[in-house]
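A closer look at the structure
Each chain, written out:
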Amino acid sequence: MLAKRIIPCLDIKDGQTVKGTKFVNLRQAGDPVELGKAYSEQGADELVYLDITASHEGRKTFTDLVKRIAAQINIPFTVGGGINELKDVDRLLNAGADKVSINSAAIRNPMLVDEIAKHFGSQVCVVAIDARQTATGWKCYLNGGRVETERYLYEWAKEVNDRGAGEILFTSMDHDGVKTGYANEALAHLSETLDIPVIASGGAGKMEHFRDAFTFGKADAALAASVFHFGEIPIMKLKEYLHEEGISVRL
Amino acid sequence: MNVAIIKYNAGNIFSVDYALKRIGVTPIITSDKETLLKADKIIFPGVGEAETTMKYLKEQNLDKLIKDLKQPLLGICLGMQLMCKYSEEGNTDCLGIFDTEVKRFCPERHKDKVPHMGWNTIENTLSPLFKGFDKDEYVYFVHSYYVPLNEFTAARTNYILPYSSALHKDNFYATQFHPEKSGRTGERILRNFLEL
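Rules used in this analysis
- Residues numbered from 1 in each chain as written.
- Chains lettered and ligands numbered in written order.
- Predicted model: local features only at pLDDT ≥ 70, side-chain atom pairs only at ≥ 80, totals over all residues.
- Heavy atoms only, no water.
- Helix = DSSP H or I, 4+ residues; strand = E, 2+ residues; numbered from the N terminus.
- Buried < 20%, exposed > 50% of the residue type's maximum accessible area, 1.4 Å probe, protein only.
- Contact = heavy atoms within 4.5 Å.
- Areas by Shrake-Rupley, 256 points an atom, 1.4 Å probe, with all protein chains shown as cover.
- Salt bridge = Lys/Arg side-chain N within 4 Å of Asp/Glu carboxyl O.
- Buried area = accessible area lost by both parts, 1.4 Å probe.
- Core = buried A, V, L, I, M, F, W, Y, C linked by side-chain atoms within 4.5 Å.
- Axes fitted to C-alpha atoms, helices over the stretch in contact; angles between N-to-C directions.
- Parallel < 35°, antiparallel > 145°, perpendicular 65-115°, else oblique.
- Left-handed = near helix turned anticlockwise from the far one by under 90°.
- Nonpolar A, V, L, I, M, F, W, Y, C, P; charged D, E, K, R; others polar.
- Polar contact = N/O pair within 3.5 Å; in protein donor to acceptor, adjacent residues only side chain to side chain.
- pLDDT = per-residue confidence, 0-100.
- Pairing = 2+ DSSP bridges.

**A look at the overall build of chain B**
Helix and strand content of chain B: six helices and 13 strands. By its C-alpha atoms, chain B is 50 × 40 × 30 Å across when sized along the principal axes. Split into buried and exposed, the 196 residues of chain B put 60% on the buried side. Within chain B, contacts between residues separated by at least 24 positions form 68% of all contacts whose residues are at least 6 apart in sequence. For chain B, the exposed surface amounts to about 8100 Å²; the carbon and sulfur share of it is 46%.

Below, the structure is given as structure tokens:
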């Protein structure tokens, strides 16, 4: 049976992981390759590396980092951040990334989704959507949640699905960092109306939250950052818990 | 040991290269006929589309070369599909090493999404590639076309329907999944192949 995936997300700035970690056995806790390897040893199913560097030099550092990750990590990984055009995608896939995640660029230029799917295949194209509940429904935001758009979550997700996206990475800005669980109702709606896998993001605080994202939220994968980085939830323990709860996971 | 990766316009050549280096083997990436014929083991990777890839292999005369190889060869993903007789992807005539066809997944239920992507188990493993496997191990898949169960099936996976996730005939081995992305399990499969 196809396993539900557990995905740690690492924020990268100037080639280093931004958030601290409580891992003790790492040579260098800030090294994204060492951290990724540790996660993969613990049973992570995929990794997401998000480049939050703004500078041009930082981009080059990130590309070099992607090459090192590809050489050393034996599970699939997605990279995102700063991807604006096809040649950014080409550069990162050539460096060895398995998938790319696009967010603001897709909203500004939806054709980018079609182009990535056509040139490299749908499976490499993850569309990340940051959304927040408003009086008129779930609205999409740009630039890491700073700019509100006119787009609504469900319509936009359906549109990128039809344009050839391979997966949706949905972050609820209302739930992100609050640690009270994922946005399960919205997740379930997405999962039931889309033909492509949905990755839940934002809100994980306890192991039960992952279970609920898979059962009530019908998500195909769950992404989290701080609960893994700070060792609050060890990945292996989480997967054993999910297995006991009757959820199909890779052990 | 001399390990060659067949060089052509496939997407995952570097992933396979990296994976072999992680287990201590530095492969040669080549499309040179003499070098390939001299290799002890050959890997035929593949990410892409069947019709254009098959056309490219024919133009480079790699199609005949691959069919006539006598040393152990491992086809991966599209590599495995191209080793079959025919693929529904672009209605393509393929190499015909395995006398079977490649079909497109037709989801019957909404929750069966295509492509089949992620970690799934391999069952009823029958080839030396899976030596030492004592349970149904998880491996990583990304594909929209599949090979039905047939006389060469060396492992089966259940997604929408039971199908062939590995094939074996004489010196020809193939996996639908990506051992180069399948963690420790994938590394064991690659080691088993190199030890053939």
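Back to the write-up after that little detour.
**Examining the pattern of salt bridges**
Residue and element names in this part refer to chain A. All told, the structure shown has 33 salt bridges over all chains when counted by the stated rule. One salt bridge in this structure joins Glu 85 and Lys 87, with 3.0 Å as the shortest N-O distance. For Lys 87, a relative accessible area of 58% puts it in the exposed group.

**Let's talk about the interface of chain B and chain A**
Interfaces are frequently sized by the accessible area removed from exposure as the parts join. Between chain B and chain A, the residue contacts involve 23 residues of the former and 34 residues of the latter. For the chain B face of the interface with chain A, the top three residues by lost area are Lys113(B), Met117(B) and Trp119(B), together amounting to 31%. In this structure, the connection of chain B to chain A is made through three salt bridges. Here Lys113(B) ties to Asp220(A) by a salt bridge, and the two come within 3.2 Å at their closest N and O atoms. Mapped onto the side of chain B that touches chain A, the elements with two or more residues apiece are helix H1 (13–22), strand S8 (116–121), strand S9 (138–143) and helix H6 (183–194) of chain B.

**Some remarks on the nonpolar core**
Residues Tyr49(A), Val127(A), Phe170(A), Phe210(A) and Phe228(A) are the most contacted members of the largest nonpolar core, which totals 80 residues. The contact partners of Phe170(A), leaving out residues within four places of it in the chain, are Ile129(A), Ala131(A), Trp138(A), Leu153(A), Ala183(A), Ala186(A), Leu187(A), Leu190(A), Ile199(A), Ala200(A) and Ser201(A). With 64 residues, the next largest nonpolar core counts Leu95(B), Val114(B), Phe130(B) and Phe177(B) among its residues.

**Observations concerning the packing of helix H8 (residues 207–215) of chain A against helix H10 (residues 235–244) of chain A**
All names here are of chain A. Where H8 meets H10, the closest approach of the two axes is 10 Å, and the angle between their N-to-C directions is 50 degrees. If you check the angle between H8 and H10, you find them oblique. Crossing geometry of H8 relative to H10 is assigned as right-handed. The residues of H10 that touch H8, namely those facing Met 207, Glu 208, Phe 210, Arg 211 and Phe 214, are Lys 237, Leu 238, Tyr 241 and Leu 242. Across the contact of H8 with H10, the residue classes tally to six nonpolar, no polar and three charged.

**Overview of the environment of Leu36(B)**
Residues and elements named next belong to chain B. Tracing the chain through its elements places Leu 36 in helix H2 (residues 33–38). Leu 36 sits 29 residues away from Leu 65 along the chain, and the two C-alpha atoms are 8.8 Å apart. In contact with Leu 36, other than residues within four places in its own chain, are Ala 4, Ile 6, Thr 30, Ser 31, Ile 42, Leu 62, Leu 65 and Gln 71.

**Side note on the side chain of His116(B)**
Here His116(B) lies in strand S8. A polar side-chain atom of His116(B) sits 3.2 Å from a polar atom in the side chain of Tyr163(B). Apart from residues lying up to four places away in sequence, His116(B) is in contact with Leu2(A), Phe105(B), Phe141(B), Val142(B), His143(B), Thr157(B), Tyr159(B) and Tyr163(B).

**Some points on the side chain of Thr149(A)**
Residues and elements named next belong to chain A. Structurally, Thr 149 is set in strand S8 (residues 147–152). Here Cys 140 takes part through its backbone oxygen, which lies 2.7 Å from a polar atom of the side chain of Thr 149. A polar atom in the side chain of Thr 149 sits 3.1 Å from the backbone nitrogen of Arg 151. For Thr 149, the contacting residues outside a window of four places in its chain are Ile 107, Lys 139, Cys 140, Tyr 141 and Leu 142.

**Considerations on the confidence of the model for chain A**
Chain-level statistics for chain A give a pLDDT mean of 91 and a share of 95% at 70 or above. Confidence over residues 20–27 of chain A falls short of pLDDT 50; this stretch has 15 contacts with residues more than four positions distant or in other chains.

**A closer look at the pairing of strand S12 (residues 161–169) of chain B**
Residues and elements named next belong to chain B. As judged from the two bridges shared by strand S10 (residues 145–148) and S12, these two strands associate in the antiparallel manner. Note that in S12 the partner of Val 147 across the bridge is Ser 164. Where strand S11 (residues 153–159) and S12 come together, six bridges link them in antiparallel fashion. In the strand pairing of S12, Tyr 159 is matched with Leu 161. Between S11 and S12, which pair antiparallel and follow one another directly, the connecting turn spans one residue, one of which, Ile 160, has a positive phi of 65 degrees. Inspection of the sheet shows S12 paired to strand S13 (residues 172–175) by four bridges, in the antiparallel sense. Across the sheet, residue His 168 finds its bridge partner in S13, namely Tyr 173.

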